[in-house]
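A look at the structure
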Amino acid sequence: LPALPGLYPCRGCGEAAALRAMGFSEEQARRLLGLQPQLGPQRREAVAAQLLLLGLSGEASLRLLERNPGLLQMPTDRLQERARELQRLGLDGGRVARRQSRDEEG
């Protein structure tokens, strides 16, 4: 069958849909896709999932990644290890988000 104009799959559409399924808004997914675009989709999704599992909201996760884009390159097992350590210390997503807000203000 011939290809129809305008029906080509867009690059990143599947990743954007996966991010929206995780709870990110369309705008948040777009911003997240703009961070280190050379990374593969699995990388960004894995990091976002870890932050959400830590209890951060989609917006708080995105702000953290925008402020620290190097987190996207951190190996998944190391990120999981750090998330477990934060949980062990009693630092849940709400506390992380409040701390991040204070750091942005100061």
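Attention in this report is confined to the structure presented alongside it. Quantities reported herein were computed from a predicted structural model and do not represent experimental measurements. (Residues numbered from 1 in each chain as written. Predicted model: local features only at pLDDT ≥ 70, side-chain atom pairs only at ≥ 80, totals over all residues. Heavy atoms only, no water.)

Comments concerning the environment of Glu-26
For Glu-26, the location among the structural elements is in helix α2 (residues 26-33). Through-space distance from the C-alpha of Glu-26 to that of Ala-16 is 7.5 Å; in sequence the pair is 10 residues apart. (Helix = DSSP H or I, 4+ residues; strand = E, 2+ residues; numbered from the N terminus.)

Notes on the pattern of salt bridges
By the definition in use, this model includes five salt bridges. For Glu-59, the salt bridge identified is with Arg-31, shortest N-O distance 3.4 Å. Placement of the pair is Glu-59 in helix α4 (residues 58-67) and Arg-31 in helix α2, with a sequence separation of 28 residues. With relative accessibility at 23%, the residue Arg-31 sits in the partly exposed group. One salt bridge connects Arg-88 with Glu-85, and the closest N-O pair in it is separated by 2.7 Å. Note that Arg-88 and Glu-85 are positioned in helix α5 (residues 76-88) at a spacing of three residues, about one turn of the helix. Using a relative accessible area of 60% as the deciding quantity, one classes Arg-88 as exposed. We classify Glu-85 as partly exposed; its relative accessible area is 35%. (Salt bridge = Lys/Arg side-chain N within 4 Å of Asp/Glu carboxyl O. Buried < 20%, exposed > 50% of the residue type's maximum accessible area, 1.4 Å probe, protein only.)

What about the nonpolar core?
In terms of nonpolar packing, the biggest core is built from 18 residues, with Leu-19, Leu-32, Leu-35, Val-47, Leu-51, Leu-65 and Leu-72 touching the most fellow members. For this core, the secondary-structure elements that each account for two or more residues are α2, α3 (41-53) and α4. Here this core gets four residues from one element, more than from any other, and that element is α4. Not counting residues within four places of it along the chain, the set of residues in contact with Leu-51 comprises Leu-56, Ser-61, Leu-64 and Leu-65. (Core = buried A, V, L, I, M, F, W, Y, C linked by side-chain atoms within 4.5 Å. Contact = heavy atoms within 4.5 Å.)

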